[in-house]
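# Inside the fold
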Amino acid sequence: MRQNADTLAKTLGKIFSRPFPVAASADGPAIRLRLADDRIVPGALDRENYTIRTSESGIALTGATPLAVQHAVWDLLHRIGYRQYFPGPEWEISPRLDSLTLELDVTESPDYASRRIWYGYGLWDHNGDDYRDWVAKNRMEGGFSLNTGHAYGKLIRSRQADFDAHPEYYALVDGKRHIHPEAKLCIAQSGVCEAAIAYALEFFAQNPDEDSVSMDPSDGGHWCECEPCARIGPPNNRATLLANTVAEAVTAKLGKGRYVGMYAYNYHSEPPSLTVHPNVIISAATGFIKGGLNIDQIITGWAARGATIGIREYYSVNTWDRDLPGAARGGHLDYLADTIADFHARGARFLSAESNDNWGPNGLGYYFASRAMWDVGEAARREAIVDDFLERAFGPAREPMGEFYRRIDSGNRQATLVFDDLLARMFRSLEEARKLADGDPAIMKRIESLILWTRHAELYDRYRQGEGPGRQAAFEAMVRHAYRMRGTYMVHSLGLYRDVDNRDDAVTIPEAAHWTVPEPRNPWKSSEPFTATEIEAILGSGLANHTPVNLDFAPVAIDDTALRAARDHIPLPDLPSGSAESGRGTRSWLTVVENAPARLELRVTGGLIVHYRDRGPVKIRLWKLGGASATGEGETLVAEDASVPPDGVERPVVLVAAEPGVYRIDLDDGRDLTRVTWPEGQIMSWKMSLEEYPNMMSGRWTLYAWVPEGTRTIGLYSAADKGELLRPDGTKALDLAAPGGKFLSAPVPEGADGQFWKFHSVAGRISLISIPPYLARHPGELVTPKP
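Residues numbered from 1 in each chain as written. Predicted model: local features only at pLDDT ≥ 70, side-chain atom pairs only at ≥ 80, totals over all residues. Heavy atoms only, no water.

### A closer look at helix α17 (residues 468-484)
What counts is decided by this rule: The helix count covers DSSP runs of H or I at least four residues long, the strand count covers runs of E at least two residues long, and both are numbered beginning at the N terminus. Between the first and last residue of a helix there are one fewer steps than residues, each counted as 1.5 Å, and that sum is the expected span. Residue burial is assigned from relative accessible area. The probe radius is 1.4 Å, only protein chains are included, and a residue is buried under 20% of its type maximum, exposed over 50%, and partly exposed in between. When checking whether two residues touch, look at their non-hydrogen atoms; a contact exists if any pair is within 4.5 Å.
Helix length check: α17, at 17 residues, gives a terminal C-alpha distance of 25 Å against a target of 24 Å (1.5 Å per residue), a fit within 8%. Residues of α17 that are buried: R471, A474, F475, M478, V479, H481, A482, Y483 and R484. Along its buried surface, α17 packs onto α16 (441-465), α18 (493-499) and α19 (532-545).

As structure tokens, then:
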């Protein structure tokens, strides 16, 4: 309690520029910190509850535990105006006040009992204290310790003598016991259950303050293939059975305040047929899901079986996003606002998010998530929280910094289409912000950290596009820069240094420069601070080397509900049909039904990637567009089909449209590879706009688009590796190859408007901007806008 009092007194002293003495008791008005009742031990989910109340005698901060009092301290300071947006002293905001009047009667408890934003590659030598400081100040230090990591390996090692004596405890794979440090188990063996119980009880004996023990399977496959295990059921049943068995034994011996944690993940994603023990907490993973269900279905299914629900999130995975702008969920504020609130509404009470020490791209998202995890009502206050951040962190520079953060938000897909354009606009926002900061040292320091992060994005882009010796040189420059700026916490230098070369055979790190070799012996490592001259040069170089893209065409407005068949109003030329049969993930087609009822016939082949045949059946939905649905979305689900298994065999699917109108067919194969064909002449058009485009079309495709009369310029976005745009006479109008993404345009010659143009042998993504964004195998299958 004294530590909390000292912290509060020190911080208030900084805010009010006067001392706040700390005493064991006081007769007059005072700020009093106290426990609710030290004779009562709060329940596992009540340890963070606190109140803040003002009265004539002062302010009373009362918590169920010392941790709850700590939360109350930082909550009070937050209400006064104190902020710790990101880790590190430069992101600490302490207002300067002479006096303050407060009237508070606050009762607080967290909506998520466990809230974690943690670094996937762990802490390094420089960031631990500031990270833990941020966690404390933003009430992210949860009162419930939930353990859900892969545990079978730990179980084996803790009972190694038993497993050595009983190789039958290991999973039977291909007729042999798979003896491995991270093996799956033969759960049908009673000895395995006994070993798991002994491991769990020993864990709690050695860690008496822990609330839970993990019983999550080891990662990957190699589940037991013996007949007794097969009788238990699939992996989800087996993992649940073992977790239930351990939970029953642990609660019988230690009471109902101990829990067993496990993921719903990989081969055990799907809900089991067994009832889940009430003291088993299932953290549903939002990635690496097998079986074909989405995250909402997984949460609902496990909850229906009795599980207490948590969430295992992926806000940033360095292997995926490399600390780049617009690349991670942690920087997608709409996603964070929607999911944190929605998961809680579905019953989740624990949320653990793998993240990184990359506060450049994701810091605003991490801060926002910390607010929403404590109180999901804060999710609806996104704009207010962002405005608070911009005003307090950047003051007179808030406008250009607001533009900066809008551009790097992962939900702003258009801003990140052309990376060079994004860098150009980021550097220009930072330049304007520096001018408006008017030399304020605290604001300037924050802007300079973001300049260094933008330089990282520039260097990483240079590396990933490099070839030959230039690629190695660019890689080294990127790593050196990331290490040197590591004290800003803008990039996860440890993850970059450790991992990038492991996934790129074209680059290497010399032994003397290995990430474990310290300064000054490591030639790639330098902790020398960046000088003002260096930062000025980085900004100047960024401004000179990157130019914003100004389009020479205007977007066309479109409405998917107001479409008609091209063949009804445009003469059809005699053209060969194109093709675009296969793709991965989600994709959609638009069709028009003129005479109802109508049969929409598809030939669907799922599971074309054998390795991904665990993603479940191909799911197809038919939606009628236009008019109000029963729930008001303007589209109505009229048919569903999940009859095509992922087995590589072509099967027919028939969807019936009962009324005339515009329809959309959605397909989702869980990112497997699926081929779809249909009868010649059936109206079926892809939509390829900036906002909507097919996910991962496989191979090369050839499709037709319509260029309306009066169009003078075809404007589009291309991220294709190869392909051509051909005029109606077959001549080449554009080379569509644009690795990294570019906006392209082509003039429309006199007489070439009002005709069909051909996108020929394209590999990659195209988005149409100045013409209707619909493409089809043949003009006779194309939809076009109504006049």
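### Focus on the sheet that holds strand β26 (residues 732-735)
Rule in force here: When DSSP locates at least two bridges between a pair of strands, those strands are taken to pair. Note on geometry: axes are C-alpha line fits, over the in-contact stretch for helices, and angles between N-to-C directions span 0 to 180 degrees.
Taking strand neighbours across the sheet as the criterion, the 4 strands line up as β23-β28-β25-β26 in an open arrangement whose pairing is antiparallel. Every other strand in the sheet has two partners, leaving β23 (701-707) and β26 as the edge strands with one partner each. For this sheet, the mean inter-axis angle between neighbouring strands, taken without regard to orientation, is 20°. Here strand β25 (residues 722-726) runs beside β26; their pairing, made up of 3 bridges, is antiparallel.

### Focus on the packing of aromatic side chains
Rule in force here: When two rings of Phe, Tyr or Trp (its six-membered ring) have centres within 6.5 Å they constitute a pair, described as stacked for plane angles under 30 degrees, edge-to-face for angles over 60, and tilted for the intermediate range.
Counted according to the given criterion, the structure contains 40 aromatic pairs. Summarising the aromatic geometry, the rings of Y119 and Y131 are spaced 4.7 Å apart at their centres and angled 50° between planes, so their arrangement reads as tilted. On the criterion of sequence distance, the pair formed by Y119 in strand β7 (residues 114-119) and Y131 in helix α3 (residues 128-137) is long-range, its members being 12 residues apart. You can call Y119 buried: its relative accessible area is 7%.

### What about the sheet that holds strand β10 (residues 212-214)?
With respect to topology, 6 strands assemble into an open sheet ordered β7-β14-β13-β12-β11-β10, the strand pairing being parallel. Edge positions in the open sheet fall to β7 and β10, since each of these has one partner strand only. Each strand of the sheet is rotated relative to its neighbour by a mean of 20°, with strand direction disregarded. Across 6 bridges, β7 lies against strand β14 (residues 348-355) in parallel orientation. In the strand pairing of β14, R116 is matched with S352. Lying over the sheet, helix α9 (residues 295-304) contacts β11 (259-266), β12 (280-289) and β13 (308-314), oriented at roughly 160° with respect to β12.

### Details of empty space enclosed by the protein
Selection rule: Here a cavity means grid points, on a 1 Å grid over the protein atoms only, where a 1.4 Å probe fits yet cannot get out; a pocket means an open set of points with protein on both sides within 12 Å along at least five of seven lines; lining residues are those with an atom within 4 Å of a point. Grid points are joined across faces, edges and corners, and a volume is the space filled by probe spheres set on the points. Polar here means any residue other than Ala, Val, Leu, Ile, Met, Phe, Trp, Tyr, Cys and Pro, which are nonpolar, and Asp, Glu, Lys and Arg, which are charged; Gly is therefore polar.
According to the stated counting rule, one finds 4 cavities of 30 Å³ or more in the structure shown. Estimated volume of the largest cavity: approximately 90 Å³. Forming the walls of the largest cavity are W74, D75, H78, Y82, R83, Q84, K137, N138, R139 and R371. Among the elements that line the lining of the largest cavity, the one with the most residues is helix α2 (residues 66-80), at 3 residues. In terms of residue class, the lining of the largest cavity is made up of 2 nonpolar, 3 polar and 5 charged.

### Details of helix α14 (residues 398-408)
Along an α-helix, a turn takes 3.6 residues, which lines up residues three or four apart on a common side. Taken as a whole, α14 has its buried residues at P400, M401, G402, F404, Y405, R407 and I408. Close packing links the buried residues of α14 with α12 (359-374), α13 (382-394), α15 (419-437) and α16.

### Some thoughts on the packing of α12 against α13
Threshold: When an angle is under 35 degrees it counts as roughly parallel; over 145 it counts as roughly antiparallel; between 65 and 115 it counts as roughly perpendicular; any other value is oblique. Take the far helix as your reference; a near helix turned counterclockwise from it by less than a right angle gives a left-handed crossing, and one turned clockwise gives a right-handed crossing.
Direction vectors running N to C along α12 and α13 enclose 125°, while the axes themselves pass 11 Å from each other. By the criterion of interaxial angle, the relationship of α12 to α13 is oblique. Pair α12 / α13 crosses with right-handed handedness. Side by side, α12 and α13 meet where L364, Y367, F368 and R371 of the first sit next to R382, I385, V386 and F389 of the second. Of the residues that constitute the contact of α12 with α13, the class distribution is 6 nonpolar, no polar and 2 charged.

### A word on the pairing of strand β21 (residues 661-677)
By the criterion of burial, β21 is predominantly enclosed, with 12 of the 17 residues buried. Summarising the sheet, strand β16 (residues 582-593) and β21 pair through 11 bridges and their orientation is antiparallel. Paired with W589 across the bridge in β21 is I665. Across 3 bridges, strand β17 (residues 598-605) lies against β21 in antiparallel orientation. Its bridge partner being in β21, V604 is matched across the sheet by V676. Here strand β18 (residues 618-625) runs beside β21; their pairing, made up of 7 bridges, is antiparallel. Note that in β21 the partner of L622 across the bridge is I665.

### Points about the environment of M262
Residue placement: M262 occurs in strand β11. For M262 and N147, which are 115 residues apart along the polypeptide, the C-alpha to C-alpha distance reads 7.8 Å. Among residues more than four places away in sequence, those in contact with M262 are T148, M215, D216, P217, A239, T240, A243, H268, I281, I282, S283 and W302.

### What to know about the layout of surface pockets
Taken as a whole, the second largest pocket holds about 990 Å³ of empty space. Contributing to the lining of the second largest pocket are 33 residues, with F20, P29, A30, I31 and R32 lying nearest its centre. When contributions to the lining of the second largest pocket are tallied by element, the ones reaching two or more residues are α1 (2-16), β1 (30-35), β2 (50-55), β3 (58-63) and α2. With 6 residues, the top contributor of residues to the lining of the second largest pocket is α1. Tallied by class, residues from the lining of the second largest pocket come to 21 nonpolar, 6 polar and 6 charged.

### A closer look at the side chain of T784
Heads up, the rule is: In the analysis that follows, any N or O atom pair within 3.5 Å is treated as a polar contact, provided that within protein one partner can donate a hydrogen and the other can accept it, and provided that, for residues neighboring in sequence, both atoms belong to side chains.
Tracing the sequence through the fold places T784 in strand β31 (residues 783-785). A distance of 2.7 Å separates polar atoms of two side chains, one belonging to T784 and the other to H569.

### Observations concerning unusual backbone geometry
The amide bond that connects E519 to the next residue, P520, takes the cis arrangement and shows omega of -5°. With respect to the element layout, P520 can be found in the loop between α18 and α19. The peptide bond linking A596 to P597 adopts the cis configuration, its omega dihedral lying at -5°. Structurally, P597 can be placed in the loop between β16 and β17. In this model, R322 sits at a positive phi of 50°, which is unusual for a non-glycine residue. As for its position among the elements, R322 is in the loop between α10 (318-321) and α11 (333-345). Among the residues examined, R322 registers a relative accessible area of 5% and is labelled buried. With a phi close to 55°, D438 is a non-glycine residue in the positive phi region.

### Structural notes on the packing of α13 against α16
Where α13 contacts α16, the axes come no closer than 8 Å and their chain directions differ by 115°. In terms of axis orientation, α13 runs roughly perpendicular to α16. In this structure, α13 uses R392, A393 and F394 to contact α16, whose residues at the interface are I443, R446, I447 and L450. When grouped by side-chain class, the residues that make up the contact of α13 with α16 number 5 nonpolar, no polar and 2 charged.

### Quick notes on the pattern of salt bridges
Our working rule: Take a side-chain nitrogen of Lys or Arg and a carboxyl oxygen of Asp or Glu: if they are within 4 Å of each other, that pair is a salt bridge.
Scanning the entire structure with this criterion turns up 56 salt bridges. The partner of R79 in a salt bridge is E108, and the shortest N-O contact between them spans 3.5 Å. With R79 in helix α2 and E108 in strand β6 (residues 105-108), this pair connects stretches of sequence that are 29 residues apart. In this structure R79 comes out as partly exposed when scored by relative accessible area, which is 35%. Taking relative accessible area as the criterion, E108 reaches 17% and is therefore assigned buried. A salt bridge links E431 to K435, with the nearest nitrogen and oxygen atoms 3.9 Å apart. Linking E431 with K435, this pair stays in helix α15, spanning 4 residues, or about one helical turn.

All quantities given are derived from atomic positions and should not be read as evidence of function.
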